[in-house]
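Listed below are the residues making up each chain.
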Amino acid sequence: MALQYLDFEKPIIELDQKIEELKTFNLSGITNVDDEIKNLEAKRDKLIKDIFKNIGNWQITQLSRHPLRPYTLDYIELITENFIELHGDRLFMDDKAVVGGFCFIKDSSGGYRQRVLIVGHQKGRNTKDKMCRNFGMPHPEGYRKAQRLFKLAEKYSIPIVTLIDTPGAYPGLGAEERGQSEAIAKTIYTLLDVKVPVLSIIIGEGGSGGALAFGVGNKVLMLEYSVYSVISPEGCASILYKDVSKTEEASNSLKLTAKDLYGLKVIDGIIPEPLGGAHKNKVLASDNIRKAIIENLGYLKKYDGETLRNDRIRKFTEY
Amino acid sequence: MLLFKSKNGKKEQGKLAIPEGLWIKCPSCSEIIYKKELERNLEVCPKCNYHFRINADRRIDIIFDEGSFKRLFEDIMPQDLLDFTDTKKYKDRLKEDSKKTGLTDAVISGEGTIDKIRVAATLFDFNFMGGSMGRVVGEKIAKTFEYAIQKKLPVIIFSSSGGARMQEGIFSLMQMAKTVAFVSEFKKVSLPYISVVTDPTTGGVSASFASLGDVIIAEPKALIGFAGPRVIEKTIHQSLPEGFQRSEYLLEHGMIDMIVERKDIKNTLKNLLLLLVNE
Ligand SMILES: [Zn+2]
């Protein structure tokens, strides 16, 4: 369990463990320790608040990669109904680092009426799953599957939501052989061009071109503790600073947090995370994402397809 | 081993006796080439056909009709929006490379004629911060497309770039979206966009407009790819096959249309334009 805590989260472990112990004790029904639990929980929450008040870019980068952080399929499970995953690029294979499918999303009235296509990067939870998902690093086939689904969504006038969470597109032999560059370029082209609303949300790691391929929405939002950058702090430290110990410094220079990028007007909004990060309360994190989707699609749906396409072109020609 | 007579007439081993500035060693076959001869041969090794990297000005000389190229958008200057410092200040790097190359940033854009056919063009210069793409490069490419739409001209972009300019952080990443957006806009006019990729073209440049040409032409043996070979080797823990990510490899895998030698590029472009531009 201790492995699932980041270094700066460690002070929280002791209190978390005590609370767990008391809860088990409570179940035995011998003595009522409810008050004691409440006390400790308040103490823990204050501690988390204090820790998160002074959280830096490097800590946020670590949170964006937290081993317990919810991934695309976790959010899909919590906010959608009747999700039907579609597979394959019809050219070579099915890339499991990218998932996509149509579903209904719970709207403001509590009903499931809003149809969407969700396409996102997918990381794995355990070792086997991580390998299967290639650590969320797509091959060209993942991007080509996405292009195929984007065009299907356009055909049915269904809005597109992309969830971004990748260290980057995979730098491997087969990926190069089968045209990783072309796959990314064409995905950007396709997503800019579709005549439906596109909402892009960075939910974890927004790593370089592999992230941008899904990032050209009419609106681009970030979860509070996600990051978005042209290169990882580690890569930046090693290439530009020629010193891997400068990783934290690089994370500051790159201005990669939601707050930084909102300040630079690169993103349109920040979706708040629960106290301590999305992994502390997946249900609440999911609901915040759901609300953001409903609100933004509600706004974008007022426009016709051609206007939405031109809006994206205009938006990205302004950088 | 190559032997030649040095200026003072003494026979010496080539490697030790290259008089500064007059001779150059081919990095591919190690032939010692007289610089004037290399220039006459368009910076291509006469022995092994190795294409030396050339700067944007030199490429303009080779491609465009003499005196026809007019530079455009020269007033777009780089900015240090993130106040970025690594081992050096970004501002200082810009100054140094500007002094070194005589350029304001890593591309020259403009209009010229190729065998009397008018085209809008952007040419990368690898000597300016490795041809990296920041906001000036993105903006000049955007303006090139915009200008071509207005004037109804074909577009040719000659790439040579290590990818995104990391010192501009997220703004360099956004140039990928920006340039692709203009490729998309350019389809409004039914005119050719030709992408010429030269050594090296990788990262954010390769993964955006450079891979979206109606026709993609590469110089022989140019390194073209998304990730650099060293990054790939580090990731997969194995050495890469001979010729991997070179033009010939990309042609074989269907990623480019053709490989054209430097001496033939002007003629190939002319012929393509004659076919694709409807008068
Ligand atoms: Zn040679």
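The rules behind the values
- Residues numbered from 1 in each chain as written.
- Chains lettered and ligands numbered in written order.
- Predicted model: local features only at pLDDT ≥ 70, side-chain atom pairs only at ≥ 80, totals over all residues.
- Helix = DSSP H or I, 4+ residues; strand = E, 2+ residues; numbered from the N terminus.
- Rg over C-alpha atoms; globule rule 2.2 N^0.38 Å.
- Buried ≥ 20, exposed ≤ 12 C-beta atoms within 10 Å, placed from the backbone.
- Contact = placed C-beta atoms within 7 Å.
- Axes fitted to C-alpha atoms, helices over the stretch in contact; angles between N-to-C directions.
- Parallel < 35°, antiparallel > 145°, perpendicular 65-115°, else oblique.
- Left-handed = near helix turned anticlockwise from the far one by under 90°.
- Nonpolar A, V, L, I, M, F, W, Y, C, P; charged D, E, K, R; others polar.
- Domains from an automatic or database assignment.
- Core = buried A, V, L, I, M, F, W, Y, C linked by C-beta atoms within 7 Å.
- Expected span 1.5 Å × (residues − 1).

Asker: I keep staring at the overall build of chain B and nothing clicks. Help me out?
Answerer: For chain B, the helix and strand inventory stands at 9 helices and 12 strands. The globule rule puts the C-alpha radius of gyration for 279 residues at 19 Å, and the 20 Å found for chain B is close to it. By principal-axis analysis of the C-alpha atoms, chain B measures approximately 65 × 50 × 40 Å. Counting only residues that meet the buried cut, chain B has 46% of its 279 residues in that class. Counting contacts in chain B only where the partners sit at least 6 residues apart, residues at least 24 apart contribute 65% of the total.

Asker: How do you make sense of the packing of helix 1 (residues 10-27) of chain A against helix 2 (residues 34-53) of chain A when you look at a structure like this?
Answerer: Helix-helix packing is described using two parameters, namely the angle between the two axes and the distance between the axes. Residue and element names in this part refer to chain A. Here helix 1 crosses helix 2 at 160°, and the two axes come no closer than 10 Å. When the axes of helix 1 and helix 2 are compared, the pair comes out roughly antiparallel. Crossing of helix 1 over helix 2 shows left-handed handedness. Of the residues in helix 2, those in contact with Pro-11, Ile-12, Leu-15, Asp-16, Lys-18, Ile-19, Leu-22, Lys-23 and Asn-26 of helix 1 are Asp-34, Glu-36, Ile-37, Leu-40, Glu-41, Lys-43, Arg-44, Leu-47, Ile-48 and Ile-51. Split into classes, the residues belonging to the contact of helix 1 with helix 2 amount to 10 nonpolar, 1 polar and 8 charged.

Asker: Would you mind showing me how to read the domain arrangement of chain B here?
Answerer: Accessible area lost when the parts come together is the quantity often used to give the size of an interface. According to the domain assignment, chain B contains domain 1 (1-52) and domain 2 (53-276). Taken together, the residues of the side of domain 1 of chain B that touches domain 2 of chain B break down into 3 nonpolar, 2 polar and 1 charged.

Asker: Can you walk me through the interface of chain B and chain A in this structure?
Answerer: At the interface, 40 residues of chain B touch 38 residues of chain A. Here the side of chain B that touches chain A gets 16 residues from one element, more than from any other, and that element is helix 5 (residues 169-186) of chain B. By residue class, the composition of the side of chain B that touches chain A is 24 nonpolar, 13 polar and 3 charged.

Asker: Sorry, what's going on with the nonpolar core here?
Answerer: Across soluble globular proteins, nonpolar side chains show a tendency to be buried alongside one another. Core analysis: the largest hydrophobic core is formed by 142 residues, its most contacted members being Ile188(A) and Val180(B). Take this core: its biggest share by element is 11 residues, from helix 5 of chain B. The contact partners of Val180(B), leaving out residues within four places of it in the chain, are Ala185(A), Ile188(A), Tyr189(A), Leu192(A), Ser208(B), Phe209(B) and Leu212(B).

Asker: Whenever I open this one, helix 6 (residues 140-155) of chain A confuses me. Can you help?
Answerer: Each full turn of the α-helix corresponds to 3.6 residues, which orients residues three or four apart in the same direction. All names here are of chain A. The terminal C-alpha atoms of helix 6 lie 23 Å apart, and with 16 residues this matches the ideal 22 Å at 1.5 Å per residue to within 8%. Along helix 6, the residues that are buried comprise Pro-140, Glu-141, Gly-142, Tyr-143, Arg-144, Lys-145, Ala-146, Gln-147, Leu-149, Phe-150 and Ala-153. Packing partners of the buried residues in helix 6 comprise strand 2 (98-106), strand 3 (112-121), strand 4 (160-166), helix 7 (173-177) and helix 8 (180-193). Taken from the residues just after helix 6, Ser-157 is the one with a positive phi, measuring 55°.

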